[in-house]
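# Observations on the three-dimensional arrangement
Here are the chains, one letter per residue:
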Amino acid sequence: IEGTGPRYCPSIEDKVVRFADKKRHQVFIEPEGLYTNEMYIGGMSSSLPEDVQYEMYHSVPGLEHAKIVKNAYAIEYDCINPRQLYPTLEFKKIKGLFSGGQFNGSSGYEEAAAQGLIAGINAAMEVKGKEQLILDRSEAYIGVLIDDLVTKENHEPYRMMTSRAEYRLLLRQDNADLRLRKKGWEVGLIDDETYHKLQKKERMIHEIERVEHTTVGGSAEVQSLLESQGSTLLKSGTTIAELIRRPELNYKVLAPIDKERPELPEDVCEQVEINIKYDGYIRRQMKQVEQFKKLEQKKLPEDIDYEDVGSLRIEARQKLEAYRPVSIGQASRISGVSPADISVLLVYLESRSGHKHG
């Protein structure tokens, strides 16, 4: 095997070479299921010969007589260079052909499934003559994954890490439905009833506005509740929202002093609380997203000839020609394309649109 293996689940023989300084390696023996006596050895993926695998396991106290039901094995697969793809996962040079999975240079089941989903949706949209779906970096980890694949140079199988997302404060599991369900409905994957439930939930989350404008004073009932929660007593009136922002308090705890509070489902209460507690951070991130969207919306013409763009550095010209980005935003994320190059591109686009209008 000559290919570059995955960084985050290397084989035992890779670990021995890479981490030669380590004296021990932790292994997990996990049952394969409730109704079987087969065990899975976690952390021991391997492509070693069968006799070596037996010798290795039999050297472990307690496994002297273990039988191997299925030997460990390794696979090596070819992949394309994902720079050949649009963010829709359609090949730039082969219209109507979409690509998803490890074949695109990624590693991991979830990464492969996410690409398969988007490639499948967009193949269906192409057949139906509808607009294709692109999730951007501010909307979903799927958007980060695909954008990284099609704009960055990857020299090893790509793994999706939360740290790769600039807007991860917005990409939480608690708001996945609010971020993506409408898109699912628009492409025909979500039925009307489910979508209407989402709309109802969105309306209920407007509870945030009421809480921001509901004030309480320093009455005995309020002070008593604050004292019981180890919270500073009030010297003057304040809003329920300001109290929720205190680390030791939350939306639920304050229910007894919030006389107008409606009965809301648990998931709605969670959204109200999160959005109020982290309001400042969320707003700051939303501003960053606005800037990001502006650059994403500035599309680069498909027929642009980068040789015609004066003042572009040679490296930027070569990279832009190789990647053929679809927008200024995507161009700005290509390594080797500097902020100065982006400024040059923006000026070029302005002059080009000026010529057209002229």
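In short, a report on the structure. Computed from a prediction, not measured in an experiment: that's the story for all the values here. (Residues numbered from 1 in each chain as written. Predicted model: local features only at pLDDT ≥ 70, side-chain atom pairs only at ≥ 80, totals over all residues. Heavy atoms only, no water.)

## Topic: the packing of aromatic side chains
Aromatic rings considered in pairs are described by the distance between their centres and by the relative angle of their planes. Applying the stated rule across the entire model yields two aromatic pairs. When the centroid spacing of 5.4 Å and the interplanar angle of 50° are considered together, the rings of tyrosine 167 and phenylalanine 292 count as tilted. Here tyrosine 167, found in the loop between helix H4 (141-151) and helix H5 (176-186), pairs with phenylalanine 292, found in helix H11 (residues 279-297); they are 125 residues apart in sequence, far enough to count as distant. Using a relative accessible area of 8% as the deciding quantity, one classes tyrosine 167 as buried. Their ring planes at 15° and their centres at 4.1 Å tell us that tryptophan 185 and tyrosine 195 sit as a pair that is stacked. You can see tryptophan 185 sitting in helix H5 and its partner tyrosine 195 sitting in helix H6 (residues 192-204), a full 10 residues away along the chain. When the ring centre of tyrosine 323 is taken as origin, the NZ or CZ atom of arginine 83, which lies over that ring, is 4.5 Å away. Its guanidinium or amino end placed over the ring of tyrosine 251, arginine 261 lies 4.0 Å from that ring's centre, counting from NZ or CZ. (Phe/Tyr/Trp six-rings, centres within 6.5 Å; stacked < 30°, edge-to-face > 60°. Helix = DSSP H or I, 4+ residues; strand = E, 2+ residues; numbered from the N terminus. Buried < 20%, exposed > 50% of the residue type's maximum accessible area, 1.4 Å probe, protein only. Lys NZ or Arg CZ within 6 Å of the ring centre and 35° of its normal.)

## Topic: the environment of arginine 283
Mapped onto the secondary structure, arginine 283 falls in helix H11. For the pair formed by arginine 283 and glycine 100, sequence separation is 183 residues and the distance between their alpha carbons is 34 Å.

## Some details on H11
In this model, H11 (19 residues) spans 26 Å end to end at C-alpha, consistent with the 27 Å of a helix rising 1.5 Å per residue. Inspection of H11 places Asp279, Ile282, Gln285, Val289, Phe292 and Glu296 among the buried residues, and these make up the whole buried set. Looking straight down H11, one finds that the buried residues subtend no more than 135° of arc, so they occupy a single side. In H11, the exposed positions that point more than 90 degrees away from the buried face belong to Arg283, Arg284, Lys287 and Glu290. Looking at the buried residues of H11, the elements they touch are helix H10 (266-277) and helix H13 (328-332). (Expected span 1.5 Å × (residues − 1). Arc of directions from axis to C-beta. Contact = heavy atoms within 4.5 Å.)

## A few points about the packing of H5 against H6
Between H5 and H6, the least distance of the axes is 10 Å, while the angle of their chain directions is 145°. By crossing handedness, the relation of H5 to H6 is classed as left-handed. For the pair formed by H5 and H6, the contact residues are Asp177, Leu178, Arg181, Lys182 and Trp185 on the first element and Asp192, Thr194, Tyr195, Leu198, Lys201 and Glu202 on the second. Broken down by class, the residue content of the contact of H5 with H6 amounts to four nonpolar, one polar and six charged. (Axes fitted to C-alpha atoms, helices over the stretch in contact; angles between N-to-C directions. Left-handed = near helix turned anticlockwise from the far one by under 90°. Nonpolar A, V, L, I, M, F, W, Y, C, P; charged D, E, K, R; others polar.)

## Considering the side chain of arginine 210
Here arginine 210 shows up in helix H7 (residues 207-213). Separated by 2.7 Å, the side chains of arginine 210 and aspartate 258 make a polar contact. Each residue touching arginine 210, except ones within four places of it in the same chain, is listed here: Asp258, Glu260, Arg261 and Pro262. (Polar contact = N/O pair within 3.5 Å; in protein donor to acceptor, adjacent residues only side chain to side chain.)

## With respect to the nonpolar core
Residues Val211, Leu243, Ile244, Tyr251, Leu254 and Ile276 are the most contacted members of the largest nonpolar core, which totals 21 residues. Counting residues per element, the ones that place at least two in this core are H7, helix H8 (220-228), helix H9 (240-244) and H10. If we skip the residues at most four places from it in the chain, valine 211 touches Thr239, Ile240, Ala241, Ile244, Tyr251 and Ile276. (Core = buried A, V, L, I, M, F, W, Y, C linked by side-chain atoms within 4.5 Å.)

## Side note on unusual backbone geometry
Even without a glycine there, the phi angle at serine 311 is positive, about 70°. Owing to a relative accessible area of 65%, serine 311 belongs among the exposed residues under this scheme. Phi at arginine 324 is positive, roughly 50°, even though this residue is not glycine.

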